[in-house]
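Chain and residue survey
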Amino acid sequence: MRIARFTTGDEPSYGVLSGELDDLGQPEEDAVLVALAGDPMYVGLKLLETEHRLADVRLLAPVLPRSKVIGIGRNYAAHAAELGNDVPDEPLMFLKPNTSVAGPDDPIFYPPQTRNLHYEGELAVVIGRICRDVPNNVDDVNSVIWGYSIGNDVTARDLQESDVQFTRAKGFDSFCPLGPWIETDLDPQHFIDGVRLQTHLNGEVVQDGSTADMIFDIPALIAHVSSVMTLLPGDVILTGTPEGVGPMEVGDEVEISIAGLGSLTNKVAQR
């Protein structure tokens, strides 16, 4: 089930997307959103009789983390190598503030503090319940996952290098686009087996990887993160990016697609 957060010009609402995605990850032309009574993560799936054509609404970030976004660095060996880094012995964690979250078609703002802004297409895992010390196996991890979405771990690469730690480089407002919706009917094994992830920059493929190439899979990531900190409903884990990261400039359009999850598109704007 694909759950979207959207607006028609009023307060944000939630809905279930009808129909299937085509080979390019796009919904059917006549797709509609069946409205839900409140945030389904907290009130459950309560369908209303109201429907909206997808073309008539503005999609928002499908989740606004109440607590945190946890990023995982260097989780694809080829990406670690392209930046001259070793593969970590355990998951490399960092935090992005929830104020960095943006939605589909929202601008990524290019801040004046950087001269080297990069895209990083990633699979996003959305946590569905409070959990701590989750065992490293598919069944236990599946019980704490609400669903999956697409993320862009936008990074000021020069600040990452100069600061050493990642907070400023990855924490600016708009540095965490999420969307277009949350898919709730997949389990971690789907991504362990391998799902294609592509990033297009102005229509050109710049990243083309598979989730099967993760060094640490989803159960390992959730087990590791939850051994350190309590995870809350709505928390997001970004699972790392394949090789092919590179710079974006003002006016560029970045589209990240993951098979079965759709596509997330954002343009870069001057802050």
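Residues numbered from 1 in each chain as written. Predicted model: local features only at pLDDT ≥ 70, side-chain atom pairs only at ≥ 80, totals over all residues. Heavy atoms only, no water.

1. Focus: the side chain of Glu122
Using the following cut-off: Comment: elements are numbered from the N terminus, with helices defined as DSSP H or I runs of at least four residues and strands as E runs of at least two. Each residue's exposure class comes from its accessible area (1.4 Å probe, protein chains only) as a fraction of the maximum for that residue type: buried when under 20%, exposed when over 50%, partly exposed otherwise. Charge assignment: positive for Lys and Arg, negative for Asp and Glu; neither His nor the chain ends contribute. Every case where a carboxyl oxygen of Asp or Glu lies within 4 Å of a side-chain nitrogen of Lys or Arg is listed as a salt bridge. Two N or O atoms form a polar contact when they lie within 3.5 Å of each other; inside protein one atom must be a possible hydrogen donor and the other a possible acceptor, and for residues adjacent in sequence the pair counts only when both atoms belong to side chains.
Here Glu122 lies in strand 11 (residues 121–127). Salt bridges are absent for the buried Glu122, whose nearest opposite-charge side chain, Lys170, sits at 5.6 Å. In this structure the side chain of Glu122 is engaged in a polar contact, spanning 2.8 Å, whose partner is the backbone nitrogen of Gly240.

2. A short note on the sheet that holds strand 16 (residues 204–210)
Spelled out, the test is: Two strands pair if DSSP finds at least two bridges between them. Each axis is a line fitted through C-alpha atoms, taken for helices only over the stretch in contact, and angles between the N-to-C directions span 0 to 180 degrees.
Taken in spatial order, the five strands line up as 9-20-19-15-16 in an open sheet, and their pairing is mixed. Only two strands of the sheet have a single neighbouring strand rather than two, namely strand 9 (108–110) and strand 16. On average, each strand axis in the sheet is tilted by 20 degrees relative to the strand beside it, whichever way the strands run. Here strand 9 runs beside strand 20 (residues 262–270); their pairing, made up of three bridges, is parallel. The residue of strand 20 that forms the bridge with Tyr110 is Gln270.

3. A short note on empty space enclosed by the protein
Going by this rule: Here a cavity means grid points, on a 1 Å grid over the protein atoms only, where a 1.4 Å probe fits yet cannot get out; a pocket means an open set of points with protein on both sides within 12 Å along at least five of seven lines; lining residues are those with an atom within 4 Å of a point. Grid points are joined across faces, edges and corners, and a volume is the space filled by probe spheres set on the points. Three classes are used, and their members are as follows: Ala, Val, Leu, Ile, Met, Phe, Trp, Tyr, Cys and Pro are nonpolar, Asp, Glu, Lys and Arg are charged, and the others, Gly among them, are polar.
Evaluation of the coordinates by the stated rule reveals one cavity of 30 Å³ or more. Approximately 50 Å³ is the volume found for the largest cavity. What lines the largest cavity is Ile3, Tyr14, Asp39, Pro40, Met41, Pro62, Val63, Leu64, Arg66, Trp146 and Ile182. Looking at the lining of the largest cavity, its residues break down into nine nonpolar, no polar and two charged.

4. Focus: the packing of aromatic side chains
Short version of the rule: Aromatic pairing here means that ring centres of Phe, Tyr or Trp (its six-membered ring) are within 6.5 Å. Orientation follows from the plane angle: under 30 degrees is stacked, over 60 is edge-to-face, and everything else is tilted.
Summed over all chains, the structure comprises three aromatic pairs. Plain terms: the ring middles of Phe94 and Phe166 are 5.3 Å apart, the flat faces sit at 70 degrees to each other, and that makes the pair edge-to-face. Of this pair, Phe94 sits in strand 7 (residues 92–96) while Phe166 is found in the loop between helix 4 (157–163) and helix 5 (167–171), placing the two residues 72 residues apart along the sequence. Ring centres of Tyr148 and Phe191 lie 4.5 Å apart, and the angle between their planes is 45 degrees; on these two criteria the pair is classed as tilted. With Tyr148 in strand 12 (residues 145–152) and Phe191 in helix 6 (residues 188–193), this residue pair connects regions lying 43 residues apart in the sequence.

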